[in-house]
Amino acid sequence: MFVNKQAIEERAFGLTRAGQAVSLFTLRNKQGLSLGVTNYGGTVTSLQIPDRNGRFDNVVLAYDSLQQYESSEAYFGALVGRFANRIAAGRFSLDGQDYQLAVNQSPNHLHGGERGFDKVIWKAIAEQTARGPSLLLNYHSRGGEEGYPGTLNVHVRYTLGEDNSLVIDYQAECDRATPVNLTHHSYFNLSGDPGRDVLRHQLEINADYYTPVDRNLVPTGEIAPVGASPLDFRRPLPIGGRIDSNHEQMVIAGGYDHNYVLNGDGAGEATFAARVSEPESGRVMEVHTTEPGMQFYSGNFLADYGPRCGFCLETQHFPDSPNQPGFPSTILRPGQAFRSQTIHSFSTLID
Ligand code: BGC
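Residues numbered from 1 in each chain as written. Predicted model: local features only at pLDDT ≥ 70, side-chain atom pairs only at ≥ 80, totals over all residues. Heavy atoms only, no water.

Peer 1: For the overall build of the chain, give the residues involved together with the corresponding values.
Peer 2: Along its length, the chain carries two helices and 27 strands. Over its C-alpha trace the chain gives a radius of gyration of 19 Å, about what one expects of a compact globule, namely 20 Å for 351 residues. Dimensions along the principal axes, computed over C-alpha positions, put the chain at roughly 60 × 50 × 40 Å. Burial analysis of the chain (351 residues in total) assigns 57% to the buried set. Taking contacts inside the chain between residues at least 6 apart in sequence as the whole, the part at least 24 apart equals 64%. When the accessible surface of the chain is totalled, it reaches about 14200 Å², and 47% of it is carbon and sulfur. Separation between the mean location of the 28 positive side-chain charges and that of the 39 negative ones in the chain comes to 3 Å. (Helix = DSSP H or I, 4+ residues; strand = E, 2+ residues; numbered from the N terminus. Rg over C-alpha atoms; globule rule 2.2 N^0.38 Å. Buried < 20%, exposed > 50% of the residue type's maximum accessible area, 1.4 Å probe, protein only. Contact = heavy atoms within 4.5 Å. Areas by Shrake-Rupley, 256 points an atom, 1.4 Å probe, with all protein chains shown as cover. Lys, Arg positive; Asp, Glu negative; His and termini not counted. Charge placed at Lys NZ, Arg CZ, Asp CG, Glu CD.)

Laid out in structure tokens, this is it:
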């Protein structure tokens, strides 16, 4: 028990290139788990979780300095918006008007543009809640920012639950109709050693379908069954087992970089999306979400630690939804409240 430590601490994390002061918050629960979050990008910089022998390690990929977060394009631990994932050619039309967003990963708009929610400073309030210590972040996105229509006021709360969970609650409202898709982009490595690849992690994904992509990693619009393909994780299997398969989808993405259509019930409560376990450390992470989709990214393009040294499970609406009438809508309108919740629960394998 870490009774002598404060549940929430704040310290200086440095100055951005533009000279703005940024903080690093540390949240601790009574089991000794800790979560580091900076209000630069709402970024998770550390998540200390015990293994089966009670040894604590950081299970997310991170940088040491604010400057590295500012220059990186890997979205380590970040909050991603206004629209997570890709919008083809950065274009969409809404209510009869055409919009052109920043094309920051040619030929597409990716993760909110040149300066998405991962590269801005959020207002932060540390609060103790019934569930555990939390950090409430707020960002006011101006109309026209990165080409998006209207203002979007976003609140995200990270809570480190006393039940060893990391809960992420999103809320947003707008003053003009706009696409919204928010996610969190931690790269997990449950071994606690970021220099090791994640290929032996066992992964289960609660999805019978996924959205196949074209050569630009944009969904074709098809909702395809995972059955009998390397994308099938309905039973737990090692991430690395089929990652180098010559299945067309795996070749296009250089591994896994696909949106799964979760078998959720759509009833509004977070439902089971994925379970990952790492055999040596015995660490287990379960993901529950209210979102209809989840991008499984196996870190194929990861330069900083090495390819496949971290995996992302980005709960989200489907990529390119503003151009895909067959996908669940991502359009938020004035007067509507955007709400979303994702829960990561940590435990260890029982021997
Ligand atoms: C995307 C990848 C991209 C990565 C980092 C993921 O969410 O699906 O294609 O390379 O983010 O930018």
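Peer 1: With reference to specific residues and values, describe the pattern of salt bridges.
Peer 2: Pairing is possible between side chains of opposite charge, provided their charged atoms come close. On inspection of all chains with the given rule, the structure shows 15 salt bridges. For D57, the salt bridge is made with R283, and the minimal N-O distance between the two is 3.1 Å. One end of the pair, D57, is in strand β5 (residues 56-58); the other, R283, is in strand β23 (residues 283-289), and 226 residues separate them in sequence. For the residue pair D57 and R283, the accessibility class agrees, reading buried in each case. R275 is the partner of E286 in a salt bridge, and the nearest nitrogen-oxygen pair spans 3.5 Å. Placement of E286 in strand β23 and of R275 in strand β22 (residues 271-277) is noted, with a sequence separation of eleven residues between them. (Salt bridge = Lys/Arg side-chain N within 4 Å of Asp/Glu carboxyl O.)

Peer 1: Kindly report on the state of the cysteines, identifying the contributing residues and their values.
Peer 2: In the structure shown here, the tally under the stated rule is zero disulfides. For C309, which is in no disulfide, the shortest distance to another cysteine sulfur is to C312 and amounts to 12 Å. (Disulfide = S-S within 2.5 Å.)

Peer 1: Tell me about the environment of S191, residues and numbers included.
Peer 2: With respect to the helices, strands and loops of the structure, S191 is situated in the loop between β16 (183-185) and β17 (202-205). Separated by 58 residues in sequence, S191 and P133 have C-alpha atoms that sit 25 Å apart. The contact partners of S191, leaving out residues within four places of it in the chain, are D57, R196, H201, E278, S281 and R283. A polar contact is formed between the side chain of S191 and the side chain of N189, at a distance of 2.7 Å. One polar contact links the side chain of S191 to the main-chain amide nitrogen of D193, over a distance of 3.0 Å. (Polar contact = N/O pair within 3.5 Å; in protein donor to acceptor, adjacent residues only side chain to side chain.)

Peer 1: Outline the site of the ligand, listing residues and values.
Peer 2: Inspection of the region around the ligand gives E73, Y75, R86, L110, H111, H185, Y187, D257, Q295, Y297, F301 and E314 as its neighbouring residues. D257 places a side-chain nitrogen or oxygen 2.4 Å from an oxygen atom of the ligand. Contact distances for the ligand include 3.3 Å between an oxygen atom and a side-chain N or O atom of Q295. When the ligand sits alone it has 310 Å² of accessible area, and the protein chains cover 96% of it. Classifying every residue of the shell around the ligand by side-chain character gives five nonpolar, three polar and four charged. (Near = heavy atom within 4 Å. Nonpolar A, V, L, I, M, F, W, Y, C, P; charged D, E, K, R; others polar.)

Peer 1: Can you lay out the side chain of N259 for me, pointing to particular residues and giving the numbers?
Peer 2: In this fold, N259 is placed in strand β21 (residues 257-262). At 3.3 Å, the side chain of N259 and the backbone nitrogen of M294 are in polar contact. A polar contact is formed between the side chain of N259 and the side chain of Q316, at a distance of 3.0 Å. In this structure, N259 is in contact with Y210, T211, G293, M294, Q295, Q316, F318 and P319, ignoring residues within four places of it in sequence.

Peer 1: Residue-level account of the packing of aromatic side chains, with values.
Peer 2: When we look at a pair of aromatic rings, we describe it by the centre distance and by the angle of the planes. In the structure shown here, the tally under the stated rule is 16 aromatic pairs. With centroids separated by 4.4 Å and ring planes inclined at 10°, the aromatic side chains of Y63 and F76 adopt a geometry described as stacked. Placement of the pair is Y63 in the loop between β5 and α1 (66-71) and F76 in the loop between α1 and β6 (78-80), with a sequence separation of 13 residues. Just as Y63 is buried, F76 falls in that class too. Within the aromatic cluster, the residues linked to one another by ring pairs are F13, Y63, Y69, F76, Y187, Y297, F301 and Y305. The aromatic ring of F233 is capped on one face by R242, whose charged end is 4.7 Å from the ring centroid. (Phe/Tyr/Trp six-rings, centres within 6.5 Å; stacked < 30°, edge-to-face > 60°. Lys NZ or Arg CZ within 6 Å of the ring centre and 35° of its normal.)

It is worth stressing that arrangement in space is one thing and function is another; only the former is reported here.
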